[in-house]
Amino acid sequence: MGARETALNALIACRKEGAWSNGVLKEYILRDRLDSRDAALATRLCYGVLQNRLKLDFYLQQLLTGKTKDLHPAVRDILHLGLYQLYEMDKIPESAAVNESVTLAKKYCKKQRSAPGLVNAVLRNAVRNMDTIAQPTGWQEIYSHPQALIDLLKGYVGKERIKPMLEANNAAPQTVIQVNTLKITTRELQNRLESEHVEAQPHGWMPDCLILGSTGNLENLPSFKEGLFYVQDPAAKLSVLCAGLPRGENVKLLDCCAAPGGKSFAAAIALGGAGEITSCDVHAHKAKIIANGAARLGIANITARHQDATAFVPEWENAMDYVIADVPCSGYGIIRKKPDIRYKNLKEMAKLPELQLQILKNQARYVKPGGTLLYSTCTLTHGENEGLVAAFLKDNEDFYLEPLTLPEVFPKNESGMLALVPGEYDTDGFFIAKLRRK
């Protein structure tokens, strides 16, 4: 099985099963045993189609005699793959893009006997009209974000920041790692990675953080297997640093929605390996992922637990110095990493604040008097961020917002809340609120 077929299977799974592209693509690349070159191509194709789906439909409508919406879904997926290769990639031979797409149509559209001929005709038409086809002018098609989502995000970030955000959502994210300083210094890891033929440069404002290039599969690197680093966006680590964890002290910390464990790992390292960290997830298999990650990193002060964040645990009441609540959210801040989020049902996403508030109220019960409650999301809506915090404080008067201590690149913070917008600090979109119990 080749890269194009793997990418097609991932697109079909996203469409039919609601699978997340990053997870299903990784699974299919392993299943199909793609080498590094084909894995890279499959990733580029799958993400590229998802990032440009509305733009590709704009082209497709010009090349069809009928309507795009009337196409069989699999035929449409195959045409998207072909058009992406022709119009958005410059190293794919035109003949390969067309012929491989026809082959996929023969295999995946057997009940639509006209499908191979249709795919062949449309893509050859695309080649003939490559220099004359009309280009999109509206942001919906240019950036492939549904208009309703653009309006929602614009209402949150403002009209001046919306365009850079949309551009950032379609840009390839950097590969960013956090150094496990319990085992190695940043400079030592940089040298080690370079000896493994991986480019590594210090991050501009996050300490003990490296930006990588020419990585291949990170999990195959000896330095990864030895637990010298873990992958985490600077925004996620920043949310942990805002807690101001005391290095070397025997504090108790709860991370209630922890999988895959990055914030727990950051907390353990910030504490210098001291203290007790309980890392929970509602799914048992994800709790195992946290445990395995901690074991790889050699972190001994993390206990992974299968636990629903909405369910009260009596023995934790008033027992935690720090509680991290990085709650399930709409994910509009990580569209560059999960491009399919942009097509999710907005009405379904709008139901999330009810769950988020339930989690936050439950987790607040575990915070000691004088302790810290960190609330965070990877999204950019008022209802899930500032509005949610306001609703919590209204019913929990023994908590108050505390100013955030941030790296010098950020303005001084007095509000106790911070929203990071894609396109500004080279991070995911993220929201952080620091709450202190009286």
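Note that this is a predicted model, so its numbers are computed, not measured.

About the cut-offs
Residues numbered from 1 in each chain as written. Predicted model: local features only at pLDDT ≥ 70, side-chain atom pairs only at ≥ 80, totals over all residues. Heavy atoms only, no water. Helix = DSSP H or I, 4+ residues; strand = E, 2+ residues; numbered from the N terminus. Rg over C-alpha atoms; globule rule 2.2 N^0.38 Å. Contact = heavy atoms within 4.5 Å. Areas by Shrake-Rupley, 256 points an atom, 1.4 Å probe, with all protein chains shown as cover. Disulfide = S-S within 2.5 Å. Buried < 20%, exposed > 50% of the residue type's maximum accessible area, 1.4 Å probe, protein only. Pairing = 2+ DSSP bridges. Axes fitted to C-alpha atoms, helices over the stretch in contact; angles between N-to-C directions. Polar contact = N/O pair within 3.5 Å; in protein donor to acceptor, adjacent residues only side chain to side chain. Phe/Tyr/Trp six-rings, centres within 6.5 Å; stacked < 30°, edge-to-face > 60°. Parallel < 35°, antiparallel > 145°, perpendicular 65-115°, else oblique. Nonpolar A, V, L, I, M, F, W, Y, C, P; charged D, E, K, R; others polar.

Colleague: Before we go on, may I ask you to explain the overall build of the chain in this structure?
Modeller: What the chain contains, in helices and strands, is 18 helices and 12 strands. For 438 residues, the compact-globule estimate of 2.2 N^0.38 gives 22 Å, and the chain sits close to it at 23 Å. Principal axes of the C-alpha set define a box for the chain whose edges measure 70 × 50 × 40 Å. Sequence-distant contacts, at least 24 apart, represent 73% of the contacts inside the chain between residues at least 6 apart. For the chain, the computed accessible surface area is about 19900 Å², with 50% contributed by carbon and sulfur atoms.

Colleague: Sorry, what's going on with the state of the cysteines here?
Modeller: Working definition: the covalent bond between the sulfur atoms of two cysteines is a disulfide. Going through the model one piece at a time under the given rule, you end up with zero disulfides. Cys257 supplies the cysteine sulfur nearest to Cys256, a cysteine that is in no disulfide, at a spacing of 3.7 Å. On the basis of relative accessibility, which here comes to 3%, the residue Cys256 falls in the buried class. Of the cysteine sulfurs around Cys329, a residue in no disulfide, the closest is that of Cys378, at 3.4 Å.

Colleague: Mind showing me how you'd approach the sheet that holds strand β2 (residues 199-202) here?
Modeller: Two strands in a sheet stick together by hydrogen bonds in their backbones, pointing the same way (parallel) or opposite ways (antiparallel). With antiparallel pairing, four strands are arranged side by side in an open sheet as β2-β3-β1-β4. The sheet is open, and its two borders are formed by β2 and β4 (229-231), each paired with just one other strand. Between one strand axis and the next, the sheet turns through 35 degrees on average, direction left out of account. Sheet topology note: the β2/strand β3 (residues 209-213) ladder contains four bridges and is antiparallel. In the strand pairing of β3, Glu199 is matched with Gly213.

Colleague: Could you clarify how one ought to interpret helix α13 (residues 234-241) in this entry?
Modeller: Three or four residues apart is the spacing at which side chains of an α-helix point the same way, because the helix has 3.6 residues per turn. Within α13, seven of the eight residues are buried, leaving the element largely enclosed by the surrounding structure. Within α13, the full set of buried residues consists of Pro234, Ala235, Ala236, Lys237, Leu238, Ser239 and Val240. Near the N-terminus of α13, the side chain that reaches the backbone nitrogen of Ala235, with its oxygen 3.0 Å away, is that of Asp233.

Colleague: Just to check I follow, could you spell out the packing of aromatic side chains for this structure?
Modeller: Think of a pair of aromatic rings as described by two things: how far the centres are apart, and how the planes are tilted against each other in angle. Within this structure, the stated rule accounts for 11 aromatic pairs. Taken together, a centroid distance of 5.7 Å and an interplanar angle of 80 degrees make the contact between Tyr230 and Phe265 edge-to-face. With Tyr230 in strand β4 and Phe265 in helix α14 (residues 262-270), this pair connects stretches of sequence that are 35 residues apart. There is no split in this pair, since Tyr230 and Phe265 are both buried.

Colleague: Looking at this model, I keep getting lost on the packing of helix α3 (residues 36-51) against helix α5 (residues 73-88). Mind explaining?
Modeller: Angle between the axes and distance between the axes are the two parameters that describe a pair of packed helices. Interaxial distance between α3 and α5 falls to 10 Å at its minimum, and their mutual angle equals 95 degrees. Looking at the two axes, α3 sits roughly perpendicular to α5. Along its contact with α3, which presents Arg44, Leu45, Gly48 and Val49, the element α5 presents His80, Leu81, Tyr84, Gln85 and Glu88. Grouping the amino acids of the contact of α3 with α5 by side-chain chemistry returns four nonpolar, three polar and two charged.

Colleague: Explain the pairing of strand β11 (residues 417-420) here, please?
Modeller: Regular strands place side chains that alternate from one sheet face to the opposite one. Burial along β11 is one-sided: the residues Leu418 and Leu420 are buried and none of Met417 and Ala419 is. In this structure, β11 lies alongside strand β12 (residues 430-437), joined through four bridges in antiparallel fashion. Its bridge partner being in β12, Met417 is matched across the sheet by Ala433.

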